[in-house]
Amino acid sequence: MSRMLSFEIFRYNPNEPKVKPRMQQYSLDETDGMTLFVALNRIREEQDPSLMFDFVCRAAICGSCAMLVNGKPKLACRTLAKDMPNKITLMPLPVFKLVGDLSVDTGTWFRGMNLKTESWIHTERRFDPKACELPMSNEDALKIYEADRCIECGCCIAGCATANIREDFLGAAGLNRIARFMVDPRDERKNADYFEVVGTDEGAFGCVGLMACDDNCPMELPLQMQLSFVRRKMAMHGLGIKR
Amino acid sequence: MKSENTHITDALVIGAGLAGERAAIEAALAGHEVIILSLVPPRRSHSTAAQGGMQASLGNCCKGEGDSPDVHFADTVKGSDWGCDQDVARLFVELAPVAVRQMDFWGVPWNRVEAGPRTLADGTVIHESSEKHMLITARDFGGTAKWRTCYTADGTGHTLQYTMDSIVVKLGITVHDRMEAIALIHDGTRCYGAVTRCLRTGELHTYISKATVIATGGYGRLYGASTNAVINQGTGMTIALNTGVVPLGNMEAVQFHPTGIVPSWILITEGARGDGGYLLDKNEHRFMPDYEPVKKELASRDVVARRMMLHMRKGFGVESKYAQHLWLDIRHLGEKHINTNLREIANICRNFNGIDPVHQLIPVRPTQHYSMGGVRTNIDGAARGLKGLLAVGESACWDLHGFNRLGGNSLAETIVGGMVVGQYLADFLSGAEFEYPAKLVEDFLKQQQDRIDKVIQNGSGEDVFQLRRTMEETLLEKVGIFRKGKDLEEAVETLRDLYHRSLNVSLKSKGGTRGPNPELAAALRLPGMLKLALCISYGALTRTESRGSHFREDYPKRDDVNWLKRTLATWEENKDLPTLNYESIKISELPPGDRGYGEAARGD
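Criteria and thresholds
- Residues numbered from 1 in each chain as written.
- Chains lettered and ligands numbered in written order.
- Predicted model: local features only at pLDDT ≥ 70, side-chain atom pairs only at ≥ 80, totals over all residues.
- Heavy atoms only, no water.
- Helix = DSSP H or I, 4+ residues; strand = E, 2+ residues; numbered from the N terminus.
- Rg over C-alpha atoms; globule rule 2.2 N^0.38 Å.
- Buried < 20%, exposed > 50% of the residue type's maximum accessible area, 1.4 Å probe, protein only.
- Contact = heavy atoms within 4.5 Å.
- Salt bridge = Lys/Arg side-chain N within 4 Å of Asp/Glu carboxyl O.

**Q** Could you give me a rundown of the overall build of chain B, with the residues and numbers involved?
**A** If you tally the helices and strands in chain B, you get 17 helices and 22 strands. Relative to its length of 604 residues, chain B is compact, with a C-alpha radius of gyration of 23 Å against a globular reference of 25 Å. In terms of overall dimensions, chain B has C-alpha extents of about 70 × 50 × 50 Å along its principal axes. Within chain B, the proportion of its 604 residues that are buried is 68%. Nonlocal contacts in chain B, meaning residues at least 24 apart in sequence, comprise 73% of its contacts between residues at least 6 apart.

**Q** With reference to specific residues and values, describe the pattern of salt bridges.
**A** Residues and elements named next belong to chain B. For the coordinates displayed, the defined rule picks out 72 salt bridges over all chains. Across the salt bridge formed by lysine 478 and glutamate 490, the nearest N and O atoms sit 3.0 Å from each other. Here the residue lysine 478 occupies a position in helix α13 (residues 464–478), and glutamate 490 occupies one in helix α14 (residues 485–502), the gap between them amounting to 12 residues. Judged by its relative accessible area of 21%, lysine 478 falls in the partly exposed class. According to the relative accessible area criterion, glutamate 490 is partly exposed, its value standing at 29%. The network of salt bridges with common partners includes Asp81, Glu252, Asp302, Arg306, Arg543, Glu545, Arg547, Arg558, Asp560 and Arg595.

**Q** Tell me about unusual backbone geometry, residues and numbers included.
**A** Residue and element names in this part refer to chain B. The linkage connecting valine 262 with the following residue, proline 263, adopts the cis geometry, with an omega of 5°. Inspection of the secondary structure puts proline 263 in the loop between β12 (254–261) and α6 (271–274). The backbone of methionine 134 shows a phi angle near 75°, a positive value even though the residue is not glycine. Mapped onto the fold, methionine 134 is located in the loop between β5 (125–128) and β6 (149–150). Take methionine 134: its relative accessible area is 26%, and that puts it in the partly exposed class. Of note, alanine 153 is a non-glycine position whose phi angle comes to about 45°, a positive value. The exposure class of alanine 153 is buried, given its relative accessible area of 1%.

Take it as geometry only, folks, not as evidence of what the structure does.
The following block contains the structure:
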């Protein structure tokens, strides 16, 4: 006999403002290897086709499906039913604008973050299609890749006390992004260039050190280390220490 | 319609994956106004999921020594089973190294050559040259004579997409995400933009543009088991086909990737075999060398997938409650290699199957993976049939891949294609004359509104999800790796019936259809998906030969006398089957011959 799972899912469609936000119950029999991707699609196809949620890759690569699963921000696609109790509560991520039900607008938030941190390589060089690439050590390449693995799912932001209180906080994803460009030898920005964006309460000094970001990151990025790295650089700049 | 729902721009790019963004960048750099539409935020595009790498003949690593565009060209043509356009392949191989270096310049952290000795999985020791130290390295991939696939661990698509999008953000290119193009606006000779449905509000919008680019990726989700993202439903191909004048090329050419993980069908990169992984059967015997003594696990994908299916038919598959499967073994690559260069797939094994590939075997089975076919274009990206319409990437039939794409050539195509098509787009826009076709726009908008109203008001009709599932199963069972006339005929009949029924869907989510109702979105897509499914099946039924991934058990040989040609499918109004035409394939450099691996090479 398979287990009956009881789902309690947040429902609200901003396009139907007369219907107030509510929690809705669904029951579903558990199947072998069932993920929340499988479960939510079954609920939609068999019980309630109006239910809104986001999945794209369903392989924990694209970062679309983060939601609060029994209160914790997680990627739904790789959350296995077998690891969950009989009762599963699903809520949309906080901080981000609600699209409907479990679907939130992370895209706009992250584009804003990328703009604010100017998340692209800054260089005076020009691309020469005939020239060989600039040499870089494999170690440096791997270090950049480490920080570049962020999938912008929003788990670190949703679980962050500061981000929940102040709208302009860059959060762990933003600080990690800054760290990614700081370690990139191709980027010609100096610490001073970053200071204005990150050396404030919106950036490295807004963090109150609860470290939920680190706990919640599905990619297991060393967000705590990245924060200290950026903070140290900014503190050194602020204090006028050159190294 | 609200006036803010009308948008006017120079270029409308539909799809924000690598191909669409690269083309958009080229047009924006030339000073044109561009709007990119996307079903999802750009960084969630399916390009991001590409793991293994991007082919370019840099020849930096020692196993790539002596590589050149010529060698890359020959591999690509053989891989395509002589189905590709050789002028396109030539242009592509010459530009691929530039594309890799430009992506490096923009920020991709390509893995680098480390000078000195290194021991490979099979025990051979290789020496990387100090002259190439710290230049971009490459790994081995199927169907290639040299190690040519540039990579960033096994997250190559991710780093490419993030870097590409960083340039889109830097240039301030407008992106409207959660916006689905549901019809092209055209007068039978020229394209004027698209009618779209907003997936936040459900409202319709119109985009009027001098040029429109389709870059919506593949149709993998037509199949019940696909490595593809759930958004890959061929929406761009559908709206092109619906014009009645734009042909889709080679829709029967469907790639099955040898290693989808069972049972979630998530991709396990070819890099796993490229880096030295083995395929084992139920007796844990490494069987590929028995069939392919030279290329072993690294023959082209169509060949490896067929060998795997054949081996399972012979009774060597592993039984499971899902599907029969084989094993992928990467244990001998070692913990360090697996946890760095193959980390994302190690995570997939752990998260979805509870398997640690450092110590355990991975259950795999060939799975639908890639659409070689698509919107037929010229070498510059101009779609056939409508002026002002372009297509690029997987949604296009450019035609770089013919009947089988090599691993690592799809990421490369998105970027090289994006450069080439973007250049044409920029030039086209500079010379484009344009008059706002107000009446036409109104007509197309009304057509779509009527279509939506009809679905919403339909009181009793078919269930969209049930019809979709039947389509998925039909393609999987009857239009898969091994095909035969009888199955294909049955598939065509089933799909025709489904197509008619798809025009009579009624929604179960009554009263709640305001906003971005997902059932309505599915109902609007389904007839188009069935049209694509019919192009695939009918094309496969009609092509009485075997070429690349299209394998007919009743016609097992390639037939260059009768079939060295490309299928062109168009859809006339009120028909329930595509009209098929054929064009000859130009052989400009390399005449048809033996691929050097696979059935022909062994005479079986």
